[in-house]
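If you want the building blocks of each chain, they are given just below.
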2 protein chains.
Amino acid sequence: MIKFQAEIDVMPKKEILDPQGKAVTGSMKNLGLSEIQNVRIGKHITLEIEAESEAAATAKVDEACKNLLANLIMESYSFTLHQA
Amino acid sequence: MIKFQAEIDVMPKKEILDPQGKAVTGSMKNLGLSEIQNVRIGKHITLEIEAESEAAATAKVDEACKNLLANLIMESYSFTLHQA
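Now for a quick tour of the structure. Everything quoted here is computed from the prediction, not taken from an experiment.

To continue, consider the overall build of chain A. Helix and strand content of chain A: 2 helices and 3 strands. Along its sequence from the N terminus, chain A presents helices and strands in the succession β-α-β-α-β. For chain A, whose C-alpha radius of gyration is 16 Å, the value lies well above the compact-globule estimate of 12 Å for 84 residues. Judged by the C-alpha coordinates and their principal axes, chain A covers about 50 × 25 × 15 Å. For chain A, the proportion of contacts with a sequence separation of at least 24, taken over those separated by at least 6, is 73%. Of the roughly 4,600 Å² of accessible surface on chain A, a fraction of 52% belongs to carbon and sulfur atoms. Taking the 9 positively charged and 12 negatively charged side chains of chain A as two groups, their mean positions are separated by 9 Å.

This paragraph deals with the relation of the copies chain A and chain B. In the superposition of chain A on chain B (RMSD 0.0 Å, axial shift 0.0 Å), the rotation amounts to 180°. Taken together, the rotation and translation describe the operation of a two-fold axis. Here 100% of the interface residues in chain A have copies in chain B that are interface residues too; the copies meet face to matching face.

Two strands in a sheet stick together by hydrogen bonds in their backbones, pointing the same way (parallel) or opposite ways (antiparallel). Here 6 strands make up an open sheet; going across it, the order is E3(A)-E1(A)-E2(A)-E2(B)-E1(B)-E3(B) and the pairing antiparallel. In the strand order of this sheet, the two ends are held by strand E3 (75-83) of chain A together with strand E3 (75-83) of chain B, each with one partner. Here the strands of the sheet are splayed against their neighbours by 25° on average, with no regard to which way each runs. With 9 bridges joining them, strand E1 (residues 2-12) of chain B and strand E2 (residues 36-51) of chain B adopt antiparallel strand pairing. The residue of E2 of chain B that forms the bridge with Lys3 of chain B is Glu50 of chain B. Sheet strands touched by helix H2 (residues 54-69) of chain A: strand E1 (2-12), strand E2 (36-51) and E3 of chain A together with E2 of chain B. Its angle to E3 of chain A, the strand with the most contacts, is close to 150°.

How each quantity is defined
- Residues numbered from 1 in each chain as written.
- Chains lettered and ligands numbered in written order.
- Predicted model: local features only at pLDDT ≥ 70, side-chain atom pairs only at ≥ 80, totals over all residues.
- Heavy atoms only, no water.
- Helix = DSSP H or I, 4+ residues; strand = E, 2+ residues; numbered from the N terminus.
- Rg over C-alpha atoms; globule rule 2.2 N^0.38 Å.
- Contact = heavy atoms within 4.5 Å.
- Areas by Shrake-Rupley, 256 points an atom, 1.4 Å probe, with all protein chains shown as cover.
- Lys, Arg positive; Asp, Glu negative; His and termini not counted.
- Charge placed at Lys NZ, Arg CZ, Asp CG, Glu CD.
- Least-squares fit on C-alpha atoms with pLDDT ≥ 70 in both.
- Pairing = 2+ DSSP bridges.
- Axes fitted to C-alpha atoms, helices over the stretch in contact; angles between N-to-C directions.

Here it is in structure tokens:
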């Protein structure tokens, strides 16, 4: 079995309002960072997975994203794998 | 002015317990994904920034991370910049 580390990003979809991001965009102005715009906030997830091949690990991580980590109605996800 | 896109990861520090990640690690077992271990959950933040150079943009994003986006006592951050 090979051990992989996955780095997953789960972000609110573009067409969905991100109130947390909007609030942070507003706060940037108060901090004197008005050149920062369009902040969007999602989740970054790291995990370890043991699998027989990179393809098998990719399939398992994809399953975890679809069934648990991301709400596909409102969020999209992407991930990268590397050997741990 | 050049427009950059920043991709920021804010993660709980290694020595800090991540109860949300622990709960998700447990749920993986119930989903039949027991080969997934050590889930840690942080934030992924994207933003747009206008600056005169990449160095200036880097400094501004670093300031935003330190002052607003990350709690440096409990979290560490990293980011990449690319031209939008």
